[in-house]
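Spelled out, the chains give:
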Amino acid sequence: MGSYEAAYRLAETDPEYFWLVAARAISWDAFPKKALDSSQAPLYRWFPDGELNTCFNAVDRHVRAGHGDRDAIIYDSPVTGVKRKVSYTQLQDQVSRFAGVLAGLGVSKGDRVVIYMPMIPEAVVAMLATARLGAVHSVVFGGFAPAELAARIDDAAPKVIVAASCGIEPNRTIAYKPLVDEAITLSHHKPTATIVFQRPELPAELHDGDHDWSVLIENAHPHECVSVNATDPLYILYTSGTTGKPKGVVRDNGGHAVAMQWSLGNVYDIGPGDVFWAASDVGWVVGHSYIVYAPLIVGATTVMFEGKPVGTPDAGAFWRMIEEYKINALFCAPTAIRAIKREDHEGVLIAQYDLSSLKALFQAGERLDPDTYFWATEHLKIPVIDNWWQTETGWPIAANLRGLEPMPIKAGSPTVAVPGYNVQVVDGEGLHVAAGVEGSIVIKLPMPPGTLPTLWGDDQRYIDSYLMTFEGYYTTGDGGMIDEDGYVFVLGRTDDVINVAGHRLSTGSMEAVVASHPLVAECAVIGVQDQLKGQIPRAFVVLKAGADIDPSVLEREIVQSIRQEIGAVAALKEVVVVQALPKTRSGKILRRTMRAIADGRPEAIPGTIEDVRVLDAITPLLKSVKSETP
Ligand code: COA
Ligand code: AMP
């Protein structure tokens, strides 16, 4: 039996033993006597009697062990021209003092802190300082508009907001502080204070209740780590659901720390002192798990890159980084590789750099299409490893476990179920399908440590959203199949979540904005294929009777309101006026059918289509792939 099979079986047959052994790699204030608590099933908790502090594990324990001089963070920002390294000792100093700042503003165990910051080390400092106090952070991605930030403020009810004065995109500098102010105006909950990290590129005007980060930290006293229960929340990360308000995915402290430590070694083959670069953003789950927590908990060096894969300054930016910092593994979304491939198809820039430190390229966040996989494999000459997971799980569900037992790669598959995840494929009735047959991908409960225990303040919504469709199983929302070798293939979402450039978005919330246009009678927003971003949203609208508007004006107005209400990251650029939308007899828009056509999977079309003519008219618009635009 190979190491993978042995580990998988042990996690399945004796999860108590498996996870208590894994837990030994974490520093506890009280080591847990028990791994799994099923007393509230289907709500499961891990390490119920364990006590620890996540920040201690990510920072202080490495300093105590004599590794204070090791780089904790390498920050490289081509958009500002700044490069900076932060050692573990320096990180401990900054984090403990910023924890003192937060405590001085009344933040204590269990309180929430919303963080709205770009890719700068201070974002990590704010996260860890919150964790140090046993408080709960909620990082909001900078590409979201004030209304989205306001919805998160209302749900999390933070005591304090920590923001930067601005974010820097290659084509513009975005003043963050006015966005925060607008969000606070829109929200019902009002935080008591806002701390602003002033960036020289665009300092913000401060008002009553605002504090300057630098002034506060200069006078701050370091704060010690506060011990919390393993089951206490570490963070809330909001993610797009099917409709309505975003879902506040909760991450606990103990299960998360164990899963981070276990996965970085076993999946990504990264250990203490290695240099790991997840080219994502702290606002997404990849950023939480693999920019911040996993590398720091393990005692590796993490890389923060404030830039884009192309144009900062060219498509060689990633390779320059790898050479300069001797990076051992790179993790990014396939979109980033597609962007590079488009500019440097022959790999001329790749060949100019010394990439000998790089052991593997990890890909996640969206489907890794075979073209991109083959291109990257050919030009980088290292294993290109797909791994599949989601905000809810926090770490890979399916992967090729490079540290445990590397396996042959099959293009289009993230390989096998990771130990702890019992992955199955079922049909609409919840019956298991045969190998190679497509269906809904589900995970048998309980899921392993580190996965979401619930949604913030709403156990019932958690149960209704994920656990009700197939009893005893967590519904991933993804469709796919498992082949006869046990390889998992993830083929696309079964709901209205789409992945645009690796960014998870809800077409339902976009539809709500499109439908609010005064001339729109009804609409559907569908993710259509895009050569760069994988998917992009396209809006199909039926105008009200007698409405008279130039389609390009309508498009401009709708695009603008999406940017205003959801944010630039939604990337809705195309609005198509159609005569009618395909519907069922009872008048429901056939969104699933439209999605199936857009995904190129017409077999999913039900037999009850009433108006074939309407569907025929719309089909070419759903199938057309956007040509490569600069
Ligand atoms: N703050 C404010 N605005 C942001 C932002 C942020 N943090 N991130 C993106 N935006 C804006 C962009 O400026 C852009 O605005 P525009 O329409 O005015 O140009 C819009 O949101 C869409 O951004 P994006 O989808 O990133 O497109 P892009 O054209 O700027 O860049 C890529 C294209 C491929 C280079 C880029 O999407 C990329 O690097 N993708 C990798 C994805 C990734 O890391 N995902 C994380 C999950 S693993
Ligand atoms: P997020 O919660 O933002 O990480 O997005 C999770 C969703 O992205 C999943 O449910 C999938 O639809 C998609 N996804 C992530 N990784 C992969 C992958 N490796 N292959 C296919 N789809 C993926």
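As the structure is a prediction and not an experimental result, all values here were calculated from the model. (Residues numbered from 1 in each chain as written. Chains lettered and ligands numbered in written order. Predicted model: local features only at pLDDT ≥ 70, side-chain atom pairs only at ≥ 80, totals over all residues. Heavy atoms only, no water.)

## Side note on the sheet that holds strand β20 (residues 384–386)
Read across the sheet, seven strands follow the order β5-β4-β17-β16-β18-β19-β20 without closing on themselves; strand pairing throughout is mixed. Strands at the two margins of the open sheet, each flanked by one partner only, are β5 (82–87) and β20. On average, each strand axis in the sheet is tilted by 20° relative to the strand beside it, whichever way the strands run. Judged from the six bridges that link them, strand β4 (residues 71–77) and β5 form a sheet pairing that is antiparallel. Within β5, the position partnered with I73 by the bridge is V86. (Pairing = 2+ DSSP bridges. Helix = DSSP H or I, 4+ residues; strand = E, 2+ residues; numbered from the N terminus. Axes fitted to C-alpha atoms, helices over the stretch in contact; angles between N-to-C directions.)

## Things to note about the side chain of R251
With respect to the helices and strands, R251 occurs in strand β15 (residues 247–252). Among the polar contacts made by the side chain of R251, one reaches the side chain of Y235 at a distance of 2.8 Å. Polar side-chain contacts of R251 include one of 2.9 Å to the backbone oxygen of G450. (Polar contact = N/O pair within 3.5 Å; in protein donor to acceptor, adjacent residues only side chain to side chain.)

## A few points about the domain arrangement of the chain
By the assigned domains, the chain splits into domain 1 (3–307 + 387–467), domain 2 (312–386) and domain 3 (501–624). Its C-alpha centre places domain 2 at a distance of 33 Å from the equivalent point of domain 3. With both sides pooled, the region where domain 2 packs onto domain 3 buries about 460 Å², and carbon together with sulfur makes up 59% of that total. Three residues stand out in domain 2 for area buried against domain 3, namely T335, R338 and R342, and they jointly supply 68% of the buried area on that side. At the surface where domain 2 touches domain 3, the tally comes to zero salt bridges. Put simply, domain 2 and domain 3 have two residue pairs in polar contact (both at pLDDT 80 or more) between them. (Domains from an automatic or database assignment. Buried area = accessible area lost by both parts, 1.4 Å probe. Salt bridge = Lys/Arg side-chain N within 4 Å of Asp/Glu carboxyl O.)

## Here's the deal with the site of ligand 1
Surveying the vicinity of ligand 1 reveals 24 residues, the closest of which are E169, R172, A501, K533 and R563. The side chain of R563 places a nitrogen or oxygen atom 2.7 Å from an oxygen atom of ligand 1. Taking K573, its side chain carries an N or O atom lying 3.3 Å from an oxygen atom of ligand 1. In isolation ligand 1 exposes 940 Å². Once the protein is present, 85% of that is buried. Taken together, the residues of the shell around ligand 1 sort by class into 11 nonpolar, seven polar and six charged. Counting contributing residues, the shell around ligand 1 receives three or more from each of domain 1 (3–307 + 387–467) and domain 3 (501–624). (Near = heavy atom within 4 Å. Areas by Shrake-Rupley, 256 points an atom, 1.4 Å probe, with all protein chains shown as cover. Nonpolar A, V, L, I, M, F, W, Y, C, P; charged D, E, K, R; others polar.)

## Some remarks on the nonpolar core
Soluble globular proteins tend to bury their nonpolar side chains together. Membership of the largest hydrophobic core comes to 124 residues, with the highest contact counts inside it found for F98, L128, V162 and Y290. The dominant element in this core, judged by the number of residues it contributes, is helix α10 (residues 285–298), at 10 residues. Domain assignment of the residues forming this core places at least three in each of domain 1 (3–307 + 387–467) and domain 2 (312–386). With 54 residues, the next largest nonpolar core counts V114, V513, V514 and V541 among its residues. (Core = buried A, V, L, I, M, F, W, Y, C linked by side-chain atoms within 4.5 Å. Buried < 20%, exposed > 50% of the residue type's maximum accessible area, 1.4 Å probe, protein only.)

## Quick look at the site of ligand 2
Lining the immediate environment of ligand 2, one finds 15 residues, of which D386, T391, D478, R493 and R504 sit closest. At 3.0 Å from an oxygen atom of ligand 2 is found a side-chain nitrogen or oxygen belonging to N499. Here an oxygen atom of ligand 2 and a side-chain polar atom of R504 are 2.7 Å apart. With the chains in place, 94% of the 490 Å² that ligand 2 exposes on its own is no longer accessible.

## Some thoughts on the pattern of salt bridges
By the definition in use, this model includes 24 salt bridges. A salt bridge links D93 to R97, with the shortest nitrogen-to-oxygen separation between them at 3.3 Å. Within this pair, D93 and its partner R97 are both found in helix α4 (residues 88–104), separated by four residues, close to a single helical turn. By sharing partners, the salt bridges in this structure join D76, K83, R320 and E324 into a single network.

## Quick notes on the pairing of strand β26 (residues 488–493)
The element β26 is largely enclosed, with a buried count of five among its six residues. Note: strand β25 (residues 473–482) against β26, five bridges, orientation antiparallel. Bridging across to β26, D478 finds its partner in R493. In textbook terms, the turn of a hairpin is the stretch between consecutive antiparallel strands, and for β25 and β26 this stretch comprises five residues, one of which, G486, has a positive phi near 85°.

## Here we look at the packing of aromatic side chains
In this description, an aromatic ring pair is defined by two values, namely the gap between the centres and the angle between the planes. Evaluated as defined, the whole model comprises 33 aromatic pairs. Ring centres of F141 and W284 lie 4.6 Å apart, and the angle between their planes is 40°; this geometry places the pair in the tilted category. Taken together, the positions of F141 in the loop between β7 (136–139) and α6 (146–156) and W284 in the loop between β16 (275–278) and α10 put the pair 143 residues apart, joining distant regions of the chain. Judged by relative accessible area, F141 falls into the buried class, the value being 13%. For W284, a relative accessible area of 14% puts it in the buried group. With a centroid separation of 5.1 Å and an interplanar angle of 55°, the aromatic rings of W395 and Y421 are classed as tilted. With a gap of 26 residues between them, W395 in the loop between β20 and β21 (398–399) and Y421 in the loop between β22 (416–417) and β23 (423–426) connect regions that are remote in the sequence. Comparing W395 with Y421 shows no difference in burial state: the two are buried. (Phe/Tyr/Trp six-rings, centres within 6.5 Å; stacked < 30°, edge-to-face > 60°.)

## Here's the deal with the sheet that holds strand β24 (residues 439–444)
Think of a sheet as strands paired side by side through backbone hydrogen bonds, with each pair either parallel or antiparallel. The four strands lie next to each other as β23-β24-β25-β26, forming an open sheet whose pairing is antiparallel. Each of the sheet's edge strands pairs with one partner strand only, and the pair in question is β23 and β26. Taking each pair of neighbouring strands and ignoring which way they run, the sheet shows an average axis angle of 50°. Sheet topology note: the β24/β25 ladder contains five bridges and is antiparallel.

## Some thoughts on unusual backbone geometry
In this chain, A41 is followed by P42 through a cis amide linkage whose omega measures 10°. Within the secondary structure, P42 sits in the loop between β1 (36–40) and β2 (43–46). Cis rather than trans, the peptide bond between L445 and P446 has omega equal to 0°. Located in the positive-phi region is K326, a residue other than glycine, with phi close to 50°. A relative accessible area of 57% places K326 in the exposed class. Non-glycine residue T415 carries a positive phi angle of around 75°. Tracing the backbone through its elements, the reader meets T415 in the loop between β21 and β22. Overall, T415 belongs to the buried group, its relative accessible area being 1%.

## Quick look at the side chain of D496
Among the secondary structure elements, D496 is positioned in the loop between β26 and β27 (497–500). One buried charged residue, D496, remains without a salt bridge, the closest side chain of opposite sign being R595 at 5.4 Å. Here the side chain of D496 touches G508 through a polar contact of 3.3 Å, landing on its backbone nitrogen. (Lys, Arg positive; Asp, Glu negative; His and termini not counted.)

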